[in-house]
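What the coordinates show
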Amino acid sequence: MVQEFARQNVPVRALVRNPDKARKLHRLPRVEVVEGDMLRPETLTAALRGVERVLLISSERERMPETQCTFIDAAKAAGVPHIVKYSSRESGVGFDIDSFTRTREHRDIERHLEASGLAWTHLRPSQFMEVYLPGTLTGVDPRRRELRIPIGDSRLSPVAIEDVAKVAVALMTSDGHEGRAYDMTGPEALTMKEVVERISEATGTAFRHVELSPEDKLRESAEAGIPEPTIRILRELFAERRRRPESHVLLDTHRTFGVRPTSFAEFARRHAEAFLADAAPTSAPGGREAPWDAHGNRWW
Ligand SMILES: NC(=O)c1ccc[n+]([C@@H]2O[C@H](COP(=O)([O-])OP(=O)(O)OC[C@H]3O[C@@H](n4cnc5c(N)ncnc54)[C@H](OP(=O)(O)O)[C@@H]3O)[C@@H](O)[C@H]2O)c1
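One numbering rule holds for all chains: residues counted from 1, following each sequence as written. Totals for whole chains, interfaces and linings use all residues, but because this is a predicted model, local features are given only for residues with pLDDT of at least 70 and pairs of side-chain atoms are given and counted only at 80 or more. Excluding hydrogens and water, the side-chain figures rest on all heavy atoms present in the structure.

By definition, any uninterrupted DSSP run of H or I lasting at least four residues is a helix, any uninterrupted run of E lasting at least two residues is a strand, and each is numbered from the N terminus. Summing up its helical and strand segments, the protein chain has eleven helices and eight strands in all. Relative to the compact-globule value of 19 Å for 300 residues, the protein chain shows a C-alpha radius of gyration of 19 Å, a close match. Overall size of the protein chain, expressed as C-alpha extent along the three principal axes, is 55 × 45 × 35 Å. Out of the 300 residues in the protein chain, the part that is buried amounts to 49%. Each radius of gyration reported is based on C-alpha atoms, and the globular scaling rule is 2.2 Å times the count of residues to the power 0.38. Categorising residues by exposure relies on relative accessible area from a 1.4 Å probe, with only protein chains included: less than 20% of the type maximum marks a residue as buried, more than 50% marks it as exposed, and the intermediate range marks it as partly exposed.

Here it is, written out as structure tokens:
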């Protein structure tokens with residue numbers, strides 16, 4: 001996200017909790033890096049000073065509602081006029097927001113922001129295309145050349161993070177978005193079989209979709225060391241996605257901001273090498289670093 005601001009030469013201040021992890025941000029042009037913890041308002045004074053608009057993002061695995069609501073309150077106290085909430089939407093027709101912890105949490109944070117009295121805007125991307133890269137819980141296994149996802153023939157409409165970042169920069173640099181919600185998906189509703197077809201074509205290597213049972217997938221994940229809270233959320237997600245075979249394609253936001261929708265085939269070609277790279281987890285002592293952190297996985 002910060003990279004997109006730098007690419008467009010738009011000055012931005014990035015709040016980071018861990019300066020070591022954020023070292024690469026220092027090398028980007030026009031990026032000011034400020035240290036702070038969204039859960040500790042007393043650390044946010046420098047980060048919030050003089051800020052006109054905030055793009056609110058934090059990890060979904062770490063006390064997201066408490067983190068973001070604490071931050072909203074701190075921003076209000078510091079006199080920030082407008083917050084753009086980086087939220088989430090499911091592309092399934094009739095998806096029940098309450099049935100899935102993450103969508104419920106985003107909805108609750110949106111409500112907290114709306115009730116705060118600040119100007120607000122919600123940016124709601126669907127599943128990211130990046131979740132299919134190796135090294136994520138729902139990504140391909142490059143050693144087996146398999147995508148092991150238990151959602152049957154359901155279709156999803158993943159969006160490229162790059163498209164979302166372009167819209168986010170536009171929301172932060174243009175006016176007239178107060179009180180509006182922008183939902184966005186990718187340009188196609190794809191089955192997992194169609195996803196692997198595109199990955200196979202882009203990499204010149206045959207991948208296949210393996211429809212294992214949800215319980216087998218969850219057992220595999222637990223054996224690979226995924227913590228129980230993450231397993232619980234995956235269980236909810238698979239159950240809800242298996243119930244919803246149809247998926248919306250929503251491109252109004254792309255059109256509004258003049259962003260060309262990245263197709264999955266294009267995304268797969270751009271990341272062909274990454275799809276073949278063996279980033280699969282290893283629990284071997286002294287083995288490579290696990291692709292997820294202590295809280296679970298980066299992406300769904
Ligand atoms: N995955 C998807 O398909 C998808 C789709 C739509 C929307 N989303 C949403 O996108 C958002 C970002 O997800 P992600 O997986 O990219 O997040 P992430 O990489 O896990 O976390 C984003 C950043 O939040 C920072 N952070 C967390 N707690 C903080 C705190 N207390 N103070 C300061 N910084 C803090 C993290 O800092 P550290 O580097 O120090 O850990 C990290 O740099 C989530 O809200 C998610 O629900 C995801």
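Back to the text.
Take the nonpolar core next. Residues Leu123, Tyr132, Leu147, Met192, Val195, Phe264 and Phe275 are the most contacted members of the largest nonpolar core, which totals 52 residues. The element best represented in this core is helix H5 (residues 161-173), accounting for seven residues. Once residues lying within four places of it in the same chain are set aside, the contact partners of Met192 are Tyr132, Leu147, Ile149, Ile151, Ser154, Leu156 and His209. By nonpolar core we mean a set of buried residues, namely Ala, Val, Leu, Ile, Met, Phe, Trp, Tyr and Cys, connected to one another through side-chain atoms within 4.5 Å. Within the second largest apolar cluster, 18 residues are counted, among which are Leu44, Val54, Phe71 and Leu113. Only heavy atoms enter the contact rule, under which two residues are in contact if any of them lie within 4.5 Å.

Geometry of aromatic contacts follows a simple scheme: Phe, Tyr and Trp rings, the Trp one being its six-membered ring, pair when their centres are within 6.5 Å, and the pair is stacked under 30 degrees between planes, edge-to-face over 60, tilted otherwise. For the coordinates displayed, the defined rule picks out six aromatic pairs. Aromatic pair Phe264 and Phe267: ring centres 5.6 Å apart, planes at 55°, arrangement tilted. Here the residue Phe264 and the residue Phe267 both occupy positions in helix H10 (residues 264-270), the gap between them amounting to three residues, near one helical turn. Taken as a pair, Phe264 and Phe267 share a single burial class, namely buried. The interplanar angle of 85° and the centroid separation of 6.2 Å between the aromatic rings of Phe267 and Phe275 together place this pair among those described as edge-to-face. Of the residues examined, Phe275 reaches a relative accessible area of 0% and is grouped as buried. In this structure an aromatic cluster arises from ring pairing among Tyr132, Phe264, Phe267 and Phe275.

For the rest of this paragraph, the subject is the packing of helix H3 (residues 64-77) against helix H4 (residues 101-115). For any two helices packed against each other, the geometry comes down to the angle between their axes and how far apart the axes lie. Axis angles are defined between N-to-C directions and span 0 to 180 degrees, where every axis is a line fitted to C-alpha atoms and, for a helix, only to the segment in contact. Direction vectors running N to C along H3 and H4 enclose 15°, while the axes themselves pass 10 Å from each other. Comparing their axes, H4 and H3 come out roughly parallel. H3 and H4 meet at a crossing whose hand is right-handed. On H4, the residues that touch Met64, Pro65, Gln68, Cys69, Ile72 and Asp73 of H3 are Arg102, Glu105, His106, Ile109, His112 and Leu113. The residue inventory of the contact of H3 with H4, partitioned by class, reads six nonpolar, three polar and three charged. When an angle is under 35 degrees it counts as roughly parallel; over 145 it counts as roughly antiparallel; between 65 and 115 it counts as roughly perpendicular; any other value is oblique. Crossings are assigned a handedness: left-handed for a near helix turned anticlockwise from the far helix by less than a right angle, right-handed for a clockwise turn. Residue polarity follows a fixed list, in which Ala, Val, Leu, Ile, Met, Phe, Trp, Tyr, Cys and Pro are nonpolar, Asp, Glu, Lys and Arg are charged, and the others, Gly among them, are polar.

Each strand in a sheet pairs with another by means of backbone hydrogen bonds, the pair being arranged parallel or else antiparallel. What makes two strands pair is DSSP finding at least two bridges between them. Spatial ordering of the open sheet is given by E3-E4-E5-E7, a layout of four strands whose pairing is parallel. Each having just a single partner strand, strand E3 (53-56) and strand E7 (180-184) make up the two edges of the open sheet. Each adjacent strand pair in this sheet contributes to an overall mean axis angle of 15°, direction not counted. In this structure, strand E5 (residues 119-125) lies alongside E7, joined through five bridges in parallel fashion. For Thr121, the partnering residue across the bridge sits in E7 and is Arg180.

As a further point, take the side chain of Glu105. The residue Glu105 is located in helix H4 in this model. With relative accessibility at 16%, the residue Glu105 sits in the buried group.

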